[in-house]
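Chains, contacts and geometry: an overview
Listed below, chain by chain, are the residues.
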Amino acid sequence: MKKGIIGKKLGMTQIFAEDGSVIPVTVIEAGPCSVTQKKTVETDGYEAVQLAFGDLREKLVNKPRAGHFKKAGVSPKRHLKEFRLEDISALNVGDVVAADTFASGDKVDITGITKGHGYSGVVKRWNAHKLRMTHGVGPVHRQPGSMGANSSPSRIFKNKIMPGQYGNEQVTVLNLEVVKVDTDKNLIAVKGAVPGAKGGIVFIRDSVKA
């Protein structure tokens, strides 16, 4: 990883290219992020920088975290994230990382928490086929149906599609293209969809497979 930043998903819109084609984009408020800690091989066994994002009132910060911010000389922030960059020599505690870290045309990977749907059935959760709406099939038509033989093995194998918790999990989308960067407003427009709801926190890094 060469560069990374913390951002907040603002929503989706569209941008018109020079040839008139429409590009669906997700707008992300990327930074400004403050460097609150710098880890080295000598002290921690690996190299990384910790970034902080989102202003927070001092009365809402507990004492350990307040001391952490005070040591770094940074105002209290709401979100912290560690990025294991290849080269951290250019960053020091107290520096600010802004949206201009990325440029138009860059390929990025974005990590976020998907929308939670609660306890969901197999039709919604796994896109299972509903049972036929004919006589003798009811009264439930959205159940999973047969799960295998009865006498042997007399149980349901693991990893069968079943109802359960759907969403609210960490997902990373790879190789998204940065369409536009607004350095004045710290906005990044990324082509395509990004995990999470509006206002959700996302982590942006340069693509590992580009």
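What comes next concerns the included structure. Only a predicted model underlies this, so the values are computations on that prediction, with no experimental measurement involved. (Residues numbered from 1 in each chain as written. Predicted model: local features only at pLDDT ≥ 70, side-chain atom pairs only at ≥ 80, totals over all residues. Heavy atoms only, no water.)

Looking at the sheet that holds strand E12 (residues 201-206)
- Reading around the circumference, E1-E2-E11-E10-E7-E12 is the order of the 6 strands in this closed barrel, with antiparallel pairing throughout. With strand direction ignored, the average angle separating the axes of adjacent strands in the sheet is 50 degrees.
- Inspection of the sheet shows strand E7 (residues 107-113) paired to E12 by 5 bridges, in the antiparallel sense. When the sheet's bridge partners are listed, aspartate 109 is paired in E12 with arginine 205. (Pairing = 2+ DSSP bridges. Helix = DSSP H or I, 4+ residues; strand = E, 2+ residues; numbered from the N terminus. Axes fitted to C-alpha atoms, helices over the stretch in contact; angles between N-to-C directions.)

Focus on the nonpolar core
- Ranked by size, the top nonpolar core spans 25 residues in total, and within it Val108, Ile110 and Ile204 carry the most contacts.
- Mapped by element, the contributors of at least two residues to this core are strand E1 (4-16), strand E2 (22-30), strand E3 (33-39), strand E4 (48-55), E7, strand E10 (170-182), strand E11 (187-191) and E12.
- Among the elements that make up this core, the one with the highest residue count is E4 (3 residues).
- If near-sequence neighbours (up to four positions away) are discounted, isoleucine 110 is found in contact with Ile28, Val171, Thr172, Val173, Leu176, Val190, Val194, Pro195, Val202, Phe203 and Ile204. (Core = buried A, V, L, I, M, F, W, Y, C linked by side-chain atoms within 4.5 Å. Buried < 20%, exposed > 50% of the residue type's maximum accessible area, 1.4 Å probe, protein only. Contact = heavy atoms within 4.5 Å.)

Some points on the environment of isoleucine 188
- Within the secondary structure, isoleucine 188 sits in strand E11.
- C-alpha of isoleucine 188 to C-alpha of serine 154: the two residues are 34 residues apart in sequence and 54 Å apart in space.
- Those residues in contact with isoleucine 188 that sit more than four places away from it in its chain are Thr26, Val27, Ile28, Ala30, Ala99, Phe102, Val178, Lys180 and Val181.

Points about unusual backbone geometry
- Following glycine 138, the chain continues into proline 139 via a peptide bond in cis, with omega recorded as 0 degrees.
- Along the chain, proline 139 falls in the loop between helix H3 (122-126) and strand E9 (164-167).
- Omega for the bond connecting serine 152 with proline 153 falls within 30 degrees of zero, at 15 degrees, which places this linkage in the cis form.
- Its identity as a non-glycine residue notwithstanding, serine 154 has a phi of 60 degrees, on the positive side.
- Among the secondary structure elements, serine 154 is positioned in the loop between H3 and E9.
- Its identity as a non-glycine residue notwithstanding, asparagine 159 has a phi of 70 degrees, on the positive side.
- Along the polypeptide, asparagine 159 turns up in the loop between H3 and E9.

Fair warning: the whole summary comes from geometry, so function is off the table for now.
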